[in-house]
Amino acid sequence: MKYTTPAGDTVIDRQRVVGQPTTRIDGPLKVTGHAPYAYERHDVAANQAYGYIVPSAIAKGRVRSIDLAEAKAQPGVITILTTTEVDELPLGMGHTVPLFGGSEIRFYHQALALVVAETFEQARAAAKLVRVDYERTQGNHDFHALAPDAPLVEGSDGPDVSKVGDFEAAYASAPVSIDVTYETPHESHAMMEPHASIAAWEGEKLTLWTSNQMIAWSKQAVAKMLDLDPANVRLDSPFLGGGFGAKLFVRVDAVVAALAAKKAGRPVKVMLDRPLVFNNTTHRSATIQRLRFGAERDGRLTAISHECTSGNLAGQEGENGIAQTRLLYAGANRYTAQRIARLDLPEANAMRAPGETAGLMALEGAMDELAEKLGMDPVELRIVNDTQVDPETPNRPYSSRMMVECLRRGAEAFGWDKRNKTPGGMREGRWLIGHGMAVGFRNSVQMKSAARVRLSSNGKLTVETDMTDIGTGSYTILAQTAAEMLGLPLEDVTVTLGDSDMPASCGSGGQWGAQNSTSGVYAACVKLREDIAGRFAMDPNTAEFIDGEIRAGAESRKLTEATASGEIVAEDSVEYDELSKKYQQSTFAGHFVEIAVDAYTGETYVRRMLAACAAGRILNPISARSQVIGAMTMGVGGALTEELAVDTRFGFFVNHDLAGYEVPVHADIPHQEVIFLDELDAIASPMKAKGVGELGLCGVGAAVANALYNATGVRVREYPLTLDKYLDKLPAV
Amino acid sequence: MDQPDYFSVSRRGVLASGAAGLAAGSISPQVAFAASTPAAERAITMQTVSMRINGKAQTLELDTRTTLLDALREHVKLTGTKKGCDHGQCGACTVIVNGERINSCLSLAVMHEGDEVTTIEGLGTPENLHPMQAAFVKHDGYQCGYCTPGQICSAVSVLKEIADGVPSHVSAELTGPMEASNIEMRERMSGNICRCGAYSNIAEAMAEVAGERA
């Protein structure tokens, strides 16, 4: 299906199944421990051996030699794969540096060897006996030292800066202006399931049972890295224990398992040790962001400038903190630029809502500061700067933009009018109370996505696609879509995901999964409906599929009549072309937060959180709400506690575990409220849905920070807002 | 040799104390220890341990370094119990041993001779869910599902701890009856990390089960 013009009325609009609050169809498997994750596939290959990675103890330099004598002699050791026995692997999709191979060391905890043994304990013990002789060179590990001299990011034709109008002149003449700099730290995805893979070879054919968000991309990447025909590579990833971007691309567990399985002549399984999740894989880069606004006294922005510096290894972009600023608010004179410091740290890459998460932490903090300077309600400041078109390209409208409605609905539900209006001025016993808000913004992306549907002779439907469910609820919304299209009860639909032998979907990332993967199933179901209608000489466009029957006029036939001679299979994809060029497609939220700060100790507790979201059709209000509250939770972590601390001498993340890298826990998170606005966006997808999985994170950090300022009167511009940064500035008690 | 005699001393210590203190187990060093050469092969100590897992008697012969977590996942092939950090920091490996929840990654399997171990698989099945499992489904108390078995084993145990009057950091009194309040449950669940951020829903699932019980 080529999606070139926005859909009119469709079968989905009847919303008998789609859009209804539906508990997850994979729920019973997950709550009983029967959902199989990558490392747990004892059933798929006999005689699995255990691999244990030997990571680099230096951040930059070279391997002189690796002494395996003692390790090899240990009981149970089958083989040892070392980095020096293979050439540097080619870069797979998304990679900045090779995952394995060669003698060059580019980051701390780079994999240097894999010890394969009969048991995990044997492999681990022998790995400790691998002796690596290093030639260490000094790297650049200190982002703050390099940032002042960081060069502009280069585009294809010169520096990648964006200019509209004359920012400098407008800024200089603006009656009200601010110039503030915010900092965000390096952050880690820290999903609960470490990267893991089981690799098995049958001749030249490799199968990887792995934990990966983007099956089709990753199949190609594995083929490229290992020099295999893609037809000989199969990935299977039916359940992922979270990803948040960390599993967008193939990581080292998969390639060393594959190489070692070949060498050992038997299947090998590898799970990254938790510290390697932090140091061997990817992270979100720290940023330093300068924002300058010029505004009229009524709050209208006349000049907007956002400059963002981030860091990464050579060859890869950093954190695109300016992305939302180019689109979110009106303003005639604009300037944005990105700088990149070349750091010898593990690879920075996409983490949930890359760009907007860090960018909005700065932008929406600066908006709060401007509102205060103007003496305006921060909600009203956003509203007067609303735009219904791309501000850099005014002939390009938004497909649908409900920012103002999100703010109004959210403010009303939250009781924003009863907020504390004097920073540091609201006290309940020992608690200083503060309220903050911010806008959430994240684009909705159109991606090709394919699926196959099978209607079997017993009338049950199976959906097959390589789509993944990383906690997002894909299983359920794909079943809802198919059930709606064929008029079947949900329990008559089975969904099979994550297998690269299935039609290639959009995968999970960038909040593009839900709307595109369901649209792919929609397209396949349209074909299936046509096939079934044709068998009864009915018009597929007017025939109704309901209660396991197809009906046209007075005639009704059971679907099982159509499959009497065997199952019916249909496959199709959704593809897009011009709609995303003609229309800006984005999702919006209003985030509202109440916090309490202990007036004596400075400890901060988030007491209430509310998000009002507009993201097109909400396919399943239960799982969509969970996506949003989960993202809000991650936002609290980003605001208050999460920071990868760098040892700038030796170049590694020191707090590489879940005690030192402090993600929110139960005690940190109150009851959370989510309101979804009614919105159908037929430009965004045939399902009239947009993404929602990242929207919930975008803006939350700033809402928390603004609430902390409102509670204490202390503005902290350096995330995370740990109490050492404001304790000595709290109001006297 | 740059590793001193630490390992050999340690091993002899284990053997000595094992022989004296672990009458129920049998120890069978499989490989002779030779400390003098650089390529020394270090012995594996195997030991037999018997426990009841989800009501079923199991006898395992294990490398003594095997954690209860890995014994469950890799040997008994009960993979519902998850390895999230292997450091006792995330709670994904929570199981119930003799009625109390523990991090199974921080406990060697051979320490559990005669113990009663309940894993997520022992609480309920997809066809016959435990009330807490059903409440997690109803309230969407999970997303990716990886921390979920640990959350549920903890949630069941937390309600029991509260019923038993075990105080927590946020309890107003150290003795006397405890209430399954929102803050009590959140405090006691804080050793179980959910990066997907289902906490608000887990609290609701637990409140429902606690309410039905009360």
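Being a predicted model, the structure only gives us computed values, none of them experimental.

### Quick notes on the packing of helix α9 (residues 356–374) of chain A against helix α17 (residues 700–712) of chain A
All names here are of chain A.
- One way to put it is that α9 packs onto α17 with a least axis distance of 8 Å and a crossing angle of 35 degrees. Pair α9 / α17 crosses with right-handed handedness. Contacts between α9 and α17 involve Leu360, Met361, Glu364, Gly365, Asp368 and Glu372 from the former and Gly701, Ala702, Asn706 and Tyr709 from the latter.
- Partitioned by chemical class, the residues of the contact of α9 with α17 number 4 nonpolar, 3 polar and 3 charged.

### A closer look at the environment of Thr472 of chain A
All names here are of chain A.
- Relative to the helices and strands, Thr472 is located in the loop between β24 (461–464) and α12 (474–486).
- Along the primary structure Thr472 and Gly242 are separated by 230 residues, whereas in three dimensions their C-alpha atoms are 9.0 Å apart.
- Sequence-distant contacts of Thr472, that is, excluding residues within four places in its chain, are made with Arg24, Ser623 and Gln627.
- For Thr472, the side chain forms a polar contact with the side chain of Ser474, separated by 3.3 Å.

### Remarks on the packing of helix α4 (residues 131–139) of chain B against helix α5 (residues 148–163) of chain B
Residue and element names in this part refer to chain B.
- Interaxial distance between α4 and α5 falls to 10 Å at its minimum, and their mutual angle equals 125 degrees. In terms of orientation, α4 lies oblique with respect to α5. For the crossing formed where α4 meets α5, the hand is right-handed. Facing Met132, Gln133 and Phe136 of α4, the residues of α5 in contact are Thr148, Gln151, Ile152, Ala155, Val156 and Leu159.
- Tallied by class, residues from the contact of α4 with α5 come to 6 nonpolar, 3 polar and no charged.

### Quick notes on unusual backbone geometry
- For the bond from Tyr719 of chain A to Pro720 of chain A, the omega torsion is -10 degrees, close enough to zero to count as cis.
- Looking at where Pro720 of chain A falls in the secondary structure, it is placed in the segment after α17.
- Positive phi values are uncommon outside glycine, yet Asp227 of chain A reaches one of about 55 degrees.
- Positionally, Asp227 of chain A belongs in the loop between α6 (215–226) and β14 (233–236).
- You will see that Asn98 of chain B, though not glycine, has its phi angle at about 50 degrees, which is positive.
- Tracing the backbone through its elements, the reader meets Asn98 of chain B in the loop between β4 (94–97) and β5 (100–103).

### Details of the domain arrangement of chain B
All names here are of chain B.
- On domain assignment, one finds that chain B holds domain 1 (6–123) and domain 2 (131–213).
- The interface is formed by 17 residues belonging to domain 1 together with 17 residues belonging to domain 2.
- For the domain 1 and domain 2 pair, buried surface summed over both sides reaches about 1300 Å², with 55% attributable to carbon and sulfur atoms.
- Together, Arg101, Ile120 and Leu123 form the three largest contributors to the area buried by domain 1 at its contact with domain 2, with a combined 41%.
- Applying the counting rule to domain 1 against domain 2 returns 1 salt bridge.
- Between Glu161 and Arg101 there is a salt bridge whose closest N-O contact spans 2.9 Å.
- Summed over the shared surface of domain 1 and domain 2, the result is 9 residue pairs in polar contact (both at pLDDT 80 or more).

What counts as what
Residues numbered from 1 in each chain as written. Chains lettered and ligands numbered in written order. Predicted model: local features only at pLDDT ≥ 70, side-chain atom pairs only at ≥ 80, totals over all residues. Heavy atoms only, no water. Axes fitted to C-alpha atoms, helices over the stretch in contact; angles between N-to-C directions. Helix = DSSP H or I, 4+ residues; strand = E, 2+ residues; numbered from the N terminus. Left-handed = near helix turned anticlockwise from the far one by under 90°. Contact = heavy atoms within 4.5 Å. Nonpolar A, V, L, I, M, F, W, Y, C, P; charged D, E, K, R; others polar. Polar contact = N/O pair within 3.5 Å; in protein donor to acceptor, adjacent residues only side chain to side chain. Parallel < 35°, antiparallel > 145°, perpendicular 65-115°, else oblique. Domains from an automatic or database assignment. Buried area = accessible area lost by both parts, 1.4 Å probe. Salt bridge = Lys/Arg side-chain N within 4 Å of Asp/Glu carboxyl O.

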